[in-house]
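Observations on the three-dimensional arrangement
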Amino acid sequence: MAEYSSSHNDAAENERYMLSMTDPLGILSSVHKVVERSAHVKINPAPIDHLSQLWLQDNAPARQSAASLWDERYHFSDGTARTVNWLLVLDALNFCFWAEKGQDRWTIEYQGQTLNGYWAEAAALKRAVEEELPLWDANYLSTISEATVAHIFRGTGTIPLFEQRVQHAREVGRVLLERYAGQFTQAIAQSGRNAIQLVLLLERYFPSFRDVAIYRGSAVRFLKRAQITIADISGSFHGKGWGAITNQDQLTIFADYKLPQVLRDYNVLEYQTELAQRVDNQELIPAGSEEEVEIRACTIWACELLRRALQQQGRRVTAAEIDMRLWLLGQQSDAMHPYHRTRTIYY
Ligand SMILES: Nc1nc2c(c(CN[C@H]3C=C[C@H](O)[C@@H]3O)cn2[C@@H]2O[C@H](COP(=O)(O)O)[C@@H](O)[C@H]2O)c(=O)[nH]1
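A quick note: this is a predicted structure, and the numbers were derived from the prediction, not measured.

Around the ligand sit 21 residues, and of these Tyr118, Lys224, Tyr257, Lys258 and Asp323 come closest. Within the complex, 98% of the 660 Å² of free accessible area of the ligand lies under protein. When contributions to the shell around the ligand are tallied by element, the ones reaching two or more residues are helix 7 (117-130), helix 13 (224-236), helix 14 (258-265) and helix 17 (319-329). For the shell around the ligand, a count of residues per class yields 11 nonpolar, four polar and six charged. Taken domain by domain, the makeup of the shell around the ligand includes at least three residues from each of domain 1 (11-70 + 252-347) and domain 2 (75-210).

Here it is in structure tokens:
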């Protein structure tokens, strides 16, 4: 199956050394176990080398980091603690924007644009603040009503998993009040402005961020929304002030539904025939199924192999930079095979 295993000792030794040194969240080691056993998804090494060569030739975008790309059009950003709380709400609700097969996606109108997906979510939350709804206020969040959340996301169609979004907003408010005097900036301070400590804090105290699956009896750690929250805070503040968070190079890519789609388009990921047919037919892949966990685990591991291939060619990039580049490719993915459909609150 996966060809990542080495053909001689020192490569394996090097691999174990690399794994132990750069995996403080226990994500790489847990997805590595899935990759070894994966029965429905394969990682192809040759396309990884091809992709690293492509990116080495093309200088500019590889330098892109979240900070340089932060988009103020659709993100609320006032440079204060209010923005930090707003970003936590943004990423507590940052999941599952696609419609049932044959249905149109939920969309909103904002500043004369029709938006869908992640951008619709971000703009809807920015529009709410512009309409004087204090989405950065923990008290307000902790008791927010269904009617208010429906108003916030008003548009054409309904945002999927609406109930869960109400629950997540209330949970953010409640935990902020219980533990951080209503300010996520206090959590940043308490974590010593360390990305790893902050991800573990989100996993421990904010249940909706606890993105951990079970695969053949073992825990598999993804922590996608917890990790992207840190990247988004850092990006929004351009790496300064509340965005000056260390150890971001130890984050993994964020295992959403777009990255697997892009990696499959490059043939980095290959789906076993039956899974390929189900995904291409836009059938639901159950949350927590072996297929879903293998898709996400192989996505993370393939990006780690890509990061190492680039590093071996002298190009040091972080997983977050690889993530950003792949995700932006996924924003123009109409000609690609469909992304996998898993109804989940985790991505
Ligand atoms: N891996 C990864 N997944 C990401 C993002 C983002 C947006 N973030 C950046 C945007 C501007 C700032 O620079 C932020 O950093 C959203 N998503 C996920 O994608 C899916 C939505 O896709 P579509 O249906 O096409 O809108 C959904 O699972 C959502 O959770 C990312 O950056 N990486």
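That was the structure; now back to the text.
Next up on the list: the domain arrangement of the protein chain. Many descriptions give the size of an interface as the accessible area lost when the pieces come together. Here the protein chain is described as being made up of domain 1 (11-70 + 252-347) and domain 2 (75-210). Here the C-alpha centroids of domain 1 and domain 2 sit 25 Å apart. Taken together, the contacts link 17 residues of domain 1 with 22 residues of domain 2. Summed over the shared surface of domain 1 and domain 2, the result is one salt bridge. A salt bridge links arginine 343 to glutamate 100; its shortest N-O distance comes to 3.0 Å. Across the contact surface, domain 1 and domain 2 share seven residue pairs in polar contact (both at pLDDT 80 or more). Counted by class, the side of domain 1 that touches domain 2 contains 10 nonpolar, five polar and two charged residues.

Along helix 15 (residues 273-280), the residues classified as buried are Leu275, Ala276, Arg278 and Val279. End-on, the buried residues of helix 15 take up no more than an arc of 165 degrees, which puts them together on one face. Opposite the packed face of helix 15, turned more than 90 degrees from it, sit the exposed residues Thr273 and Gln277. In the core, the buried residues of helix 15 are packed alongside strand 1 (41-43), helix 14, strand 6 (269-271) and helix 16 (290-312). Phi for glutamine 282, located one or two positions after helix 15, is positive at around 55 degrees.

Here we come to the nonpolar core. Among the nonpolar cores identified, the biggest contains 112 residues, and Phe184 and Phe206 are the most heavily contacted of them. At 12 residues, the largest contribution of residues to this core is made by helix 16. Ignoring any residue separated from it by four or fewer positions in sequence, one finds phenylalanine 206 in contact with Leu88, Glu171, Val172, Val175, Leu176, Tyr180, Phe184 and Leu201.

With that out of the way, let us pick up the packing of helix 3 (residues 45-57) against helix 16. Axis separation between helix 3 and helix 16 bottoms out at 9 Å; the angle between their running directions is 50 degrees. One finds that helix 3 runs oblique with respect to helix 16. The handedness of the crossing between helix 3 and helix 16 is right-handed. Residues Ile48, Asp49, Leu51, Ser52, Trp55 and Leu56 of helix 3 touch helix 16, and the partners they reach there are Ala302, Leu305, Leu306, Ala309 and Leu310. Residue composition of the contact of helix 3 with helix 16, grouped by class: nine nonpolar, one polar and one charged.

What follows deals with the packing of aromatic side chains. Per the stated rule, a full pass over the model turns up 11 aromatic pairs. Taking the centre distance of 6.2 Å and the plane angle of 65 degrees together, the rings of tyrosine 74 and tyrosine 110 count as edge-to-face. Of the two residues, tyrosine 74 is situated in the loop between helix 5 (66-69) and helix 6 (81-92) and tyrosine 110 in strand 2 (residues 107-110); the sequence distance between them amounts to 36 residues. Its relative accessible area of 4% is what places tyrosine 110 among the buried residues. Ring pairing ties together the aromatic residues Tyr74, Tyr110, Tyr118, Trp119 and Trp327, which thus form one cluster. Above the face of the phenylalanine 209 ring, arginine 225 is positioned so that its terminal group lies 4.7 Å from the ring centre. Geometry around phenylalanine 222 places arginine 296 over its ring, the cationic atom sitting 4.3 Å from the centre.

About the cut-offs
Residues numbered from 1 in each chain as written. Predicted model: local features only at pLDDT ≥ 70, side-chain atom pairs only at ≥ 80, totals over all residues. Heavy atoms only, no water. Near = heavy atom within 4 Å. Areas by Shrake-Rupley, 256 points an atom, 1.4 Å probe, with all protein chains shown as cover. Helix = DSSP H or I, 4+ residues; strand = E, 2+ residues; numbered from the N terminus. Nonpolar A, V, L, I, M, F, W, Y, C, P; charged D, E, K, R; others polar. Domains from an automatic or database assignment. Contact = heavy atoms within 4.5 Å. Salt bridge = Lys/Arg side-chain N within 4 Å of Asp/Glu carboxyl O. Polar contact = N/O pair within 3.5 Å; in protein donor to acceptor, adjacent residues only side chain to side chain. Buried < 20%, exposed > 50% of the residue type's maximum accessible area, 1.4 Å probe, protein only. Arc of directions from axis to C-beta. Core = buried A, V, L, I, M, F, W, Y, C linked by side-chain atoms within 4.5 Å. Axes fitted to C-alpha atoms, helices over the stretch in contact; angles between N-to-C directions. Parallel < 35°, antiparallel > 145°, perpendicular 65-115°, else oblique. Left-handed = near helix turned anticlockwise from the far one by under 90°. Phe/Tyr/Trp six-rings, centres within 6.5 Å; stacked < 30°, edge-to-face > 60°. Lys NZ or Arg CZ within 6 Å of the ring centre and 35° of its normal.

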